[in-house]
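# Working through the structure, step by step
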Amino acid sequence: MDHVLAEVGARLRNIRKERGATLAGLSEATGISVSTLSRLESGRRRPSLELLLPIARAHQVPLDELVGAPPVGDPRVRAKPIVRHGRTLLPLTRQPGGLQAYKCIEPARTEPAPEPRTHEGYEWLYVLSGKVRLILGEHDVVLGPGEAAEFDTRVPHWFGATPETGAEFISLFGPQGERMHVRARPAKKGGDE
């Protein structure tokens, strides 16, 4: 923190000089005395928001530029694709354990569905495009775009693209005991609108 504050003075001086402003002119624009501005620039006065905000306004720069705030990190998830049995998985979560999210891309299925399997956990599927066949216990359903399914993975299951079309879908998998919580407003009754 002290390192960041120590560099503020040099930044203030550089920005003022780049704009061709004098200490007297900046003092008039901000209401801060020339001696205080000079001490800020030389590092003999500790910067405060009370002093930096009017200077940032006078120079028309964001406060971050005066204090040299570190840039915000890149928010994009840079997933390395995983290919398994013809299905491309793009991990959407970064940390191991807990709830895991994947975007799945699968070409049209050319071979029959394998035998359903079981394991610990809970799964949610959301179809983005194409069709996904889900075999879950005694159920055999086809999900289209915008449709979702959720199930306990201890029930024998299998899912994948249909033979007619490939599919893109989101898969969320959580260890046993983790459940997705959906909040929904109650439907409005006929006369309450």
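Structure shown above.
First, a word on scope: everything that follows refers to the structure included in this document. (Residues numbered from 1 in each chain as written. Predicted model: local features only at pLDDT ≥ 70, side-chain atom pairs only at ≥ 80, totals over all residues. Heavy atoms only, no water.)

### Let's talk about the side chain of serine 171
Looking at the element boundaries, serine 171 is found in strand β9 (residues 167-174). One polar contact links serine 171 to glutamate 123, side chain to side chain, over a distance of 2.4 Å. Excluding anything up to four places from it in sequence, serine 171 contacts Gln100, Ala101, Tyr102, Cys104, Glu123, Trp124 and Leu125. (Helix = DSSP H or I, 4+ residues; strand = E, 2+ residues; numbered from the N terminus. Polar contact = N/O pair within 3.5 Å; in protein donor to acceptor, adjacent residues only side chain to side chain. Contact = heavy atoms within 4.5 Å.)

### A look at the pattern of salt bridges
Across all of its chains, the model carries eight salt bridges by this definition. Across the pair glutamate 106 and arginine 87 runs a salt bridge, and its minimum N-O distance is 2.8 Å. Here glutamate 106, found in strand β3 (residues 100-106), pairs with arginine 87, found in strand β2 (residues 87-91); they are 19 residues apart in sequence, far enough to count as distant. For the pair glutamate 106 and arginine 87, one class covers both residues: buried. Linking lysine 103 and glutamate 168 is a salt bridge whose minimum nitrogen-to-oxygen distance equals 3.2 Å. Of this pair, lysine 103 sits in strand β3 while glutamate 168 sits in strand β9; the two residues are 65 residues apart in sequence, bridging distant segments of the chain. For lysine 103, a relative accessible area of 24% corresponds to the partly exposed category. Given a relative accessible area of 27%, glutamate 168 falls into the partly exposed group. Each of the salt bridges in this network shares a partner with another, and the network as a whole consists of Arg87, Glu106, Arg109 and Glu111. (Salt bridge = Lys/Arg side-chain N within 4 Å of Asp/Glu carboxyl O. Buried < 20%, exposed > 50% of the residue type's maximum accessible area, 1.4 Å probe, protein only.)

### With respect to the environment of alanine 56
Position of alanine 56 among the secondary structure elements: in helix α5 (residues 49-59). Residue classification places alanine 56 among the buried residues on the basis of a relative accessible area of 6%. Along the backbone, alanine 56 and leucine 66 are 10 residues apart, and their C-alpha atoms lie at a distance of 7.1 Å.

### Digging into unusual backbone geometry
Phi angles above zero are rare outside glycine, and glutamine 60 is one such case at about 55°. Its place among the elements puts glutamine 60 in the loop between α5 and α6 (63-67). For histidine 85, which is not glycine, the phi dihedral falls at a positive 50°.

### Some remarks on the sheet that holds β3
Strand order in the open sheet formed by six strands is β1-β2-β3-β9-β4-β7, with antiparallel pairing between adjacent strands. A strand with exactly one partner marks an edge of an open sheet, and here the two such strands are β1 (82-84) and β7 (148-152). In this sheet, adjacent strand axes meet at a mean angle of 25° when their direction is disregarded. Here β2 runs beside β3; their pairing, made up of four bridges, is antiparallel. By the bridge assignment, proline 91 is partnered in β3 with tyrosine 102. (Pairing = 2+ DSSP bridges. Axes fitted to C-alpha atoms, helices over the stretch in contact; angles between N-to-C directions.)

### Regarding the packing of helix α3 (residues 23-30) against α5
Between α3 and α5, the shortest axis-to-axis distance is 9 Å and the interhelical angle comes to 110°. Accordingly, the angle class assigned to the pair α3 and α5 is roughly perpendicular. On α5, the residues that touch Leu26, Ala29 and Thr30 of α3 are Pro54, Ile55, Ala58 and His59. Of the residues assigned to the contact of α3 with α5, the class counts are five nonpolar, two polar and no charged. (Parallel < 35°, antiparallel > 145°, perpendicular 65-115°, else oblique. Nonpolar A, V, L, I, M, F, W, Y, C, P; charged D, E, K, R; others polar.)

### Side note on the sheet that holds strand β6 (residues 139-143)
Strand order across the open sheet formed by three strands is β6-β5-β8, with antiparallel pairing between neighbours. Only two strands of the sheet have a single neighbouring strand rather than two, namely β6 and β8 (157-161). Each strand of the sheet is rotated relative to its neighbour by a mean of 15°, with strand direction disregarded. Here five bridges tie strand β5 (residues 132-136) to β6, and the two strands are oriented antiparallel to one another. By the bridge assignment for β6, valine 132 is matched with leucine 143.

None of the figures reported here should be taken as evidence of function without further support.
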